[in-house]
Amino acid sequence: MSDGFNDFRSSYYGILRVDGQDSYRCRLERYTGRYCGKPIHLYKLHGSLNYAMMHRETRNGLVDDNEVKFKYGMSLMDLERERSRKNGYDNDFCSYNADFLTGATTKISYYRSRFYRKMFQKFKNNLIRANKLIVIGYGGKDGG
């Protein structure tokens, strides 16, 4: 099974704090959209309690960079991006809540983000070629 996230060459990290022990900087998986030839592709179209959008600074201000999966025991305030030009890490203080989408109106605004547009397009393309669709945890009773 693959969910399109991978930590290979990821520049995203989170601080994992362990009670009574040191803290550890752990590499985070980020969404690549590559499903690695696995027979089962998992699409979490409503986000997840452990998804967060990382941001990067540009001349025009902060922009969405990439969706990451953080690990149990990490705080959203402990997510970092490795600096590309100098040693060190930049903290992403913009990610203050996980991307778990609920509600009819708020979900729609998140779906306009680059991450969800890309994931939905992959889902649609793969659904056309699929011979089976397994839906977990959804009644399928709304118009959307």
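Residues numbered from 1 in each chain as written. Predicted model: local features only at pLDDT ≥ 70, side-chain atom pairs only at ≥ 80, totals over all residues. Heavy atoms only, no water.

K.L.:
I would appreciate a short explanation of the overall build of the protein chain in the present structure.
P.N.:
Regarding its fold elements, the protein chain presents two helices and eight strands. For the protein chain, the succession of helices and strands along the chain, N to C, is β-β-β-β-β-β-β-β-α-α. Here the protein chain holds 144 residues, and 35% of them are scored as buried. Considering only residue pairs separated by 6 or more positions, the protein chain has 58% of its internal contacts joining residues 24 or more positions apart. Element-wise, carbon and sulfur atoms account for 50% of the exposed surface of the protein chain, whose accessible area totals about 10,200 Å². (Helix = DSSP H or I, 4+ residues; strand = E, 2+ residues; numbered from the N terminus. Buried < 20%, exposed > 50% of the residue type's maximum accessible area, 1.4 Å probe, protein only. Contact = heavy atoms within 4.5 Å. Areas by Shrake-Rupley, 256 points an atom, 1.4 Å probe, with all protein chains shown as cover.)

K.L.:
Explain the sheet that holds strand β1 (residues 5-6) to me, please; I cannot follow it from the model alone.
P.N.:
Whenever strands of a sheet pair, they do so through backbone hydrogen bonds, lying parallel or antiparallel. The sheet built from four strands is open, its strands ordered β1-β4-β6-β5 with antiparallel pairing. Whereas interior strands pair on both sides, the edge strands pair on one side only; in this sheet they are β1 and β5 (51-58). (Pairing = 2+ DSSP bridges.)

K.L.:
Would you take a moment to explain the sheet that holds strand β7 (residues 74-82) for this structure?
P.N.:
Ordered by their spatial adjacency, four strands build an open sheet running β3-β2-β7-β8, and the pairing between neighbours is antiparallel. Two strands close off the open sheet at either side, each with one partner strand: β3 (23-27) and β8 (89-91). Geometrically, the sheet is characterised by an average inter-axis angle of 35° between neighbouring strands, direction not taken into account. Relative to β8, β7 is paired through three bridges, and the arrangement is antiparallel. Considered in β8, the bridge of Glu 80 is made with Asn 91. (Axes fitted to C-alpha atoms, helices over the stretch in contact; angles between N-to-C directions.)

On their own, these measurements won't tell you what the molecule is for.
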